[in-house]
Amino acid sequence: MSEPVINVILVVAILVLATAFYAVRHGAPWVPSRRMERDALFKAAGMRNGDELHDLGSGGGAVLFDAARRYPASRIVGVEVVVLPYQLSQARRLLGGRK
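First, a word on what this report is: a plain description of the structure on this page. The structure displayed is predicted, hence computed values, not measured ones.

Applying the stated rule across the entire model yields one aromatic pair. Ring centres 5.7 Å apart and planes at 80 degrees place the aromatic pair Phe-42 and Tyr-71 in the edge-to-face group. With Phe-42 in helix α2 (residues 35–45) and Tyr-71 in the loop between α3 (62–70) and β2 (75–79), the pair connects residues that are 29 residues apart, well separated along the chain. Of the two residues, Phe-42 and Tyr-71, neither departs from the other in class, the shared state being buried.

Written out as structure tokens, the structure reads:
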């Protein structure tokens, strides 16, 4: 491999490790939610079509994609600081929100 390719791989690896370390040190671990937990969450929040939902620490986007499917007129926003779950949610978004 050429030196520029190795440098890019190293930078990406450092970025992934740094964000993972940040999340472990300053936040909670990524724990995917189950459907029944999301059902209870939306019910407790009184979520309705047209509402706005912000998910801080959205992980792979399970809550976001479920909310977008249930409430299509709503504005759904996710925030994630860890690279791997963020990339997973972006891949799901590009595939139409499917697992």
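Once you've had a look at it, read on.
Those residues of α3 lying buried are Ala-62, Val-63, Leu-64, Phe-65, Asp-66 and Ala-67. Next to the buried residues of α3 lie α2, β1 (52–56), β2 and α4 (83–94).

Reading guide: rules and limits
- Residues numbered from 1 in each chain as written.
- Predicted model: local features only at pLDDT ≥ 70, side-chain atom pairs only at ≥ 80, totals over all residues.
- Heavy atoms only, no water.
- Phe/Tyr/Trp six-rings, centres within 6.5 Å; stacked < 30°, edge-to-face > 60°.
- Helix = DSSP H or I, 4+ residues; strand = E, 2+ residues; numbered from the N terminus.
- Buried < 20%, exposed > 50% of the residue type's maximum accessible area, 1.4 Å probe, protein only.
- Contact = heavy atoms within 4.5 Å.

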